[in-house]
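So the chains spell out like this:
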Amino acid sequence: MSQECPEFQSHQTRQPQQVRPASLLFGKRFLGLVAMSLVFVVTLVLRPSLLKAAWDGVTRILHVESTPPPPPLVIKARHEMQSPAPAAPQPQSDDSGEAQVQKLSTDFEKSAWGASLQDWSALHPEIPCAPFHGHMWGRGADAQWAQQCSIPTELQAAAHWSFYIFTLQEPLVSRLEQFDETTIALPEEALKQVQQSLQTRLAARYGPAEDRSPTAHARAVSWPEFLRWQPVDLEIQLDLSEFDPQRKEGRLRLQARHRALLNALNDDERLKRRGTADFTYEVGSAIDQQLADSLLLEFPDVATMLVKQQPDPDPQKMREAVEQWQNQLKSAGPAGQTRVRAFVIAAPQTNWKPEKFYDALVRLLTNAKIAPPDRQPVLLFASDRLAWRLPWLMNNDYSQAGHWQKWRTNLASFGVTYEQSGEGGWTYTSALLKRVEADYPETDWGERAFLILLTHGWDTGVDCEAGSDQFRHVIARGLAFLEKRPNSPYQLDVQLIVAQAHETWWSLSQAPTDQEDSDANPQEYKEGAEAARQQAIARYEHLLQFAPQSDQAAYARRVLPRLKQSIDTGQRRFYCSVAD
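Small disclaimer: the values here were computed from a predicted structure and weren't measured. (Residues numbered from 1 in each chain as written. Predicted model: local features only at pLDDT ≥ 70, side-chain atom pairs only at ≥ 80, totals over all residues. Heavy atoms only, no water.)

Centre-to-centre distance and the angle between the planes together describe a pair of aromatic rings. In the structure shown here, the tally under the stated rule is 18 aromatic pairs. When the centroid spacing of 5.5 Å and the interplanar angle of 35 degrees are considered together, the rings of F471 and W505 count as tilted. On the criterion of sequence distance, the pair formed by F471 in helix α17 (residues 470-484) and W505 in helix α18 (residues 491-509) is long-range, its members being 34 residues apart. Exposure class is identical for F471 and W505. Each is buried. Following the ring pairs from residue to residue traces out a cluster consisting of F108, W120, W161, F163 and F179. The ring of F132 has R562 lying over it, and the distance from NZ or CZ to the ring centre is 5.5 Å. (Phe/Tyr/Trp six-rings, centres within 6.5 Å; stacked < 30°, edge-to-face > 60°. Helix = DSSP H or I, 4+ residues; strand = E, 2+ residues; numbered from the N terminus. Buried < 20%, exposed > 50% of the residue type's maximum accessible area, 1.4 Å probe, protein only. Lys NZ or Arg CZ within 6 Å of the ring centre and 35° of its normal.)

With that settled, consider unusual backbone geometry. E170 connects to P171 through a cis peptide bond whose omega is -5 degrees. Structurally, P171 can be placed in the loop between β3 (159-164) and β4 (175-182). A positive phi angle is found at K248, which is not glycine, with a value near 60 degrees. Turning to its location among the elements, K248 is positioned in the loop between β8 (234-244) and β9 (249-258). One non-glycine residue, D463, lies in positive phi territory at about 55 degrees. Its place among the elements puts D463 in the loop between α16 (444-455) and α17.

A few words on the environment of S241. Along the chain, the position of S241 falls in strand β8. Using a relative accessible area of 6% as the deciding quantity, one classes S241 as buried. Each C-alpha atom, one on S241 and one on R251, is 5.7 Å from the other, the two residues being 10 residues apart in sequence.

Taking 1.5 Å of rise per residue, the 18 residues of helix α19 (residues 529-546) would be expected to cover 26 Å, and the 26 Å separating its terminal C-alpha atoms lies within 8% of that figure. Within α19, burial applies to A529, A532, R533, A536, I537, R539, Y540, L543 and L544. Projected down its long axis, α19 carries its buried residues within an arc of 165 degrees, all on one side. Turned more than 90 degrees from where α19 packs its buried face, Q545 and F546 sit exposed. Where α19 is buried, its residues meet α17, α18 and α20 (551-564). (Expected span 1.5 Å × (residues − 1). Arc of directions from axis to C-beta. Contact = heavy atoms within 4.5 Å.)

Packing of helix α12 (residues 354-370) against helix α14 (residues 404-412) brings their axes to within 11 Å, and their N-to-C directions diverge by 15 degrees. For the element pair α12 / α14, the angle class is roughly parallel. Crossing handedness for the pair α12 and α14: left-handed. Contacts between α12 and α14 involve P354, E355, Y358, L361, V362 and L365 on the former and, on the latter, W407, N410 and L411. Of the residues in the contact of α12 with α14, the class split is seven nonpolar, one polar and one charged. (Axes fitted to C-alpha atoms, helices over the stretch in contact; angles between N-to-C directions. Parallel < 35°, antiparallel > 145°, perpendicular 65-115°, else oblique. Left-handed = near helix turned anticlockwise from the far one by under 90°. Nonpolar A, V, L, I, M, F, W, Y, C, P; charged D, E, K, R; others polar.)

Let us look at the state of the cysteines. Note on terminology: disulfide describes a covalent bond linking the sulfur atoms of two cysteines. Taken as a whole and judged by the stated rule, the model has two disulfides. Shown here is the disulfide that connects C129 with C149, its sulfur atoms set 1.9 Å apart. Sign of the S-S torsion, about 105 degrees for the bond between C129 and C149, identifies this disulfide as right-handed. In this pair, C129 sits in strand β1 (residues 129-131) while C149 sits in strand β2 (residues 147-151), placing the two residues 20 residues apart along the sequence. The partly exposed category is assigned to C129, whose relative accessible area is 32%. The disulfide partner of C464 is C576, and the gap between their sulfur atoms is 2.1 Å. Taking the sign of the S-S torsion, -85 degrees for the link of C464 and C576, the bridge is left-handed. Here C464, found in the loop between α16 and α17, pairs with C576, found in the segment after α20; they are 112 residues apart in sequence, far enough to count as distant. With respect to class, C464 is no different from C576; both count as buried. Cysteines bonded in the protein chain are numbered consecutively along the chain; their disulfide partners then correspond to 1-2, 3-4. (Disulfide = S-S within 2.5 Å.)

Our next topic: the pairing of β8. In terms of residue burial, β8 counts as a mostly covered element, since 11 of its 11 residues are buried. Sheet topology note: the strand β7 (residues 226-229)/β8 ladder contains four bridges and is antiparallel. Bridge pairing links W229 to I236 in β8. In this antiparallel pair of consecutive strands, β7 and β8, the connection spans four residues, and D233 shows a positive phi of 60 degrees. Between β8 and β9, which pair antiparallel one after the other, the connecting turn spans four residues, and K248 there sits at a positive phi close to 60 degrees. (Pairing = 2+ DSSP bridges.)

Next comes the structure, spelled out in structure tokens:
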């Protein structure tokens, strides 16, 4: 609301294997002899054809008595890409290491890079494919597939071939750009053998791998955890996707990405920031810098608060901390860990004091009442920025908790209001920002206030107070702005937001009804959805025509191919849901 490598859960230090007592080993051998005797008795009494069944039964008994039921592996994270529903039940995967090696190798060889969905499916008709349906606002390029073909086996072990459209060149065709598959859960030794075998096969074809594993003391296993190959137009990764240190079990993931997807991933950070606009409200943003420049002479302390998340530490306290650390370093033993811990404790922790923020806020608002009209929007905008951060400071400094009610009452007399959220915290309602937008619409600060409110769906309340369908408010207000302010420097930003609002409408009409983490009812958005899709296409094409080199146009170029093909984009920027 960031090129993305898989996230991996932290691992505990490997525990030594326990040695079983000799008495237990003798007991199991004796039990085994008894079991074998039973098999011979069964063979004499029953028909020979029942011999195998009898032996299988005894083997299962022995296994149950000697092996505790394995608990489920700790799941790393929810799967980043939604897999198509299985077409039909499939047989269970072979749990031997060699079978896993053969399966991943065979599946990997099916990756005809750059092949169209139609051509690839003709070669592999047994593998079902499905278009994307869901929500993925703010997700990276690797999640923005148009269709995905999957072998419907165990969820964490399913193989996926993902097809993307990253070009507007006609004909618009989805092409294979990513393969990924994960092994079933295997014991550590079997997992190691699978890793070594796959590494050997890949190295024979692509050369030595780049080992991106952490330093030895931080590793979960003794063999390479993260390997990467980068042949021409391809990137291949063989990673330890998860590992349970108690069970000594884990999974490996084989992933390959083709050039078009790799190029798209390189643009992710820029496009995500443009597409979500969260950066406009980060502490120290460009808006904060400009406000600070305007207030520096009259309010130097406020200027510093605007551009810095934390104040600079006191120089004298820092000198004292360094001297304390040096003294501890001289007297400490050889253990380096003790020295590091001593320094961390000695370093002074700094944060803005809530009372200083409150005092600065009151001074700004008091001055805004008597300031010239052209100065008022700057003071109110800066006050809005401090008011937004005040509840966070209160949560980090309970020493001022007793003053909070009094402060809220006094600030309310200036038009600064807070609402209590469902979790017991306090949220600023952006009342000052709305005042700047309403009272000074012709000024630059008034247009900036409008843009920020629009990026937040024109809903600054708590828990979707203005309703779920933010896109309707955004479309109405955005279109009115574009008509009244054709020469505004924020035209491109508003055009992009209005396009996203229309895209949200259409995508909601495509929402799956069986998705647990979505409460959107697609039937509620069917009316007008196709017109919304056409409007989104027109707005995005406008950006390409009038500002082809802009970040806004780059974002449009990413989204347009799927919109033109009526493939769900998963846009939810202007849909508000507490369930999300």
